[in-house]
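Reading the structure
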Amino acid sequence: MMGQVEEGDEEEAWLQLRPVEPLPSQCCGSGCSPCVFDLYQRDLARWEAARASKDRSLLRREETQSCPSKLSPETFLAFLISAVDRLTKDTYLVRFALPGNSQLGLRPGQHLILRGTVDDLEIQRAYTPISPANAEGYFEVLIKCYQTGLMSQYVKSWKAGDTAFWRGPFGGFFYKPNQYGELLMLAAGTGLAPMVPILQSITDNAEDETFITLVGCFKTFEGIYMKTFLQEQARFWNVRTFFVLSQENSLEQLPWSYRDRTHFGRLDRDLLEELVGSCRRKPFALVCGSAEFTKDVAGYLLHAGLAEDSYFLF
């Protein structure tokens, strides 16, 4: 009888160590490899092997590092928040510390996965750092918060000195200098994020002669992110910026420098065809925004004569 009790206790102990299957909310939906569900299957296989051999040591793994200098696509690592700046009523620029003069190790346009917990529910979302790929000692992320968003509740609670957990890098677009004649960047809202490090890597490289047309779609002029940065970039010989504002209707309310490169309304098929036609070389398009924006723009690009291998959807 005693042996049966001990065996039952042992079984219960192993069951408590069994990995918990992720909820759908824990998947960021960005096609990451490995996905959170891939990691669950890996951990489940590890647990089954340990249970079969009755060796719990097989379940041990390295503890999370504090402020590591190297990322891991499989393991969430802790990064210290050094500053939180509110850019608009619902958008934050958050700076994370890296030890010494170390670099994050992302290529321009790659993204990370953020893990958050709200009301005991773990959630994960993908974000692209906007800091230069060669930034030393820090990286920055632009995050838009939504009133009913779970991750937004988590981000709004951040303050300097807090810790957030990231894994990565991920992303299927890898830019190489002079790879394309012209990059047509089509960004809606925080979809600007992956464009920024790619743009800066080009203007920082005197030998990269790629033309860039950046089209930023926002609701209002006040809502345009990173105006100073974009103005500075537009001074380069190979860069031009264009804005599409859906909730403005008067040019007189805009600074003179914006009036000849701003369109009111939405980015539609006719406007995109005009933008493609105005490119100085055959463009390769980069698209980032909401799922609806991305789907619509992909269709517009095909209508404008760009084949599917002539654009990338973030």
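Report follows, based on the coordinates. (Residues numbered from 1 in each chain as written. Predicted model: local features only at pLDDT ≥ 70, side-chain atom pairs only at ≥ 80, totals over all residues. Heavy atoms only, no water.)

Pairing between the strands of a sheet comes from backbone hydrogen bonds, and it takes one of two forms, parallel or antiparallel. As summarised here, the arrangement of the six strands in space is β4-β3-β6-β1-β2-β5, forming an open sheet in which the pairing is antiparallel. In this open sheet, the two edge strands, each paired with only one partner strand, are β4 (121–127) and β5 (138–144). When strand polarity is set aside, the average angle formed by the axes of neighbouring strands in this sheet is 40°. Pairing of strand β1 (residues 77–88) with strand β2 (residues 91–97) involves six bridges; the strand directions are antiparallel. Within the sheet, the bridge partner assigned to Arg86 lies in β2 and is Tyr92. (Pairing = 2+ DSSP bridges. Helix = DSSP H or I, 4+ residues; strand = E, 2+ residues; numbered from the N terminus. Axes fitted to C-alpha atoms, helices over the stretch in contact; angles between N-to-C directions.)

With that settled, consider a negative patch on the surface. A cluster of acidic side chains, namely Asp268, Asp270, Glu273 and Glu274, defines a negative patch on the protein surface. Topologically, Asp268 is positioned in the loop between β10 (262–264) and α7 (269–278). (Patch = residues over 30% accessible without salt bridge, like charges linked within 9 Å, V, L, I, M, F, W, Y side chains within 5 Å. Areas by Shrake-Rupley, 256 points an atom, 1.4 Å probe, with all protein chains shown as cover. Salt bridge = Lys/Arg side-chain N within 4 Å of Asp/Glu carboxyl O. Lys, Arg positive; Asp, Glu negative; His and termini not counted. Charge placed at Lys NZ, Arg CZ, Asp CG, Glu CD.)

Next up on the list: the packing of aromatic side chains. Aromatic rings considered in pairs are described by the distance between their centres and by the relative angle of their planes. Taken as a whole and judged by the stated rule, the model has 17 aromatic pairs. Ring geometry for Phe139 versus Trp166: centroids 6.2 Å apart, planes at 80°, classification edge-to-face. Separated by 27 residues along the polypeptide, Phe139 in strand β5 and Trp166 in strand β6 (residues 163–170) bring together distant segments of the chain. Ring geometry for Phe218 and Tyr225: centres 5.5 Å apart, planes at 85°, overall edge-to-face. Three or more aromatic residues joined by ring pairs make a cluster, and in this case those are Phe79, Phe96, Tyr127, Phe139, Tyr154, Trp158 and Trp166. Note that Arg95 overlies the ring of Tyr138, its terminal NZ or CZ placed 3.8 Å from the centroid. When the ring centre of Trp256 is taken as origin, the NZ or CZ atom of Arg259, which lies over that ring, is 4.0 Å away. (Phe/Tyr/Trp six-rings, centres within 6.5 Å; stacked < 30°, edge-to-face > 60°. Lys NZ or Arg CZ within 6 Å of the ring centre and 35° of its normal.)

That is the geometry; function is a separate question.
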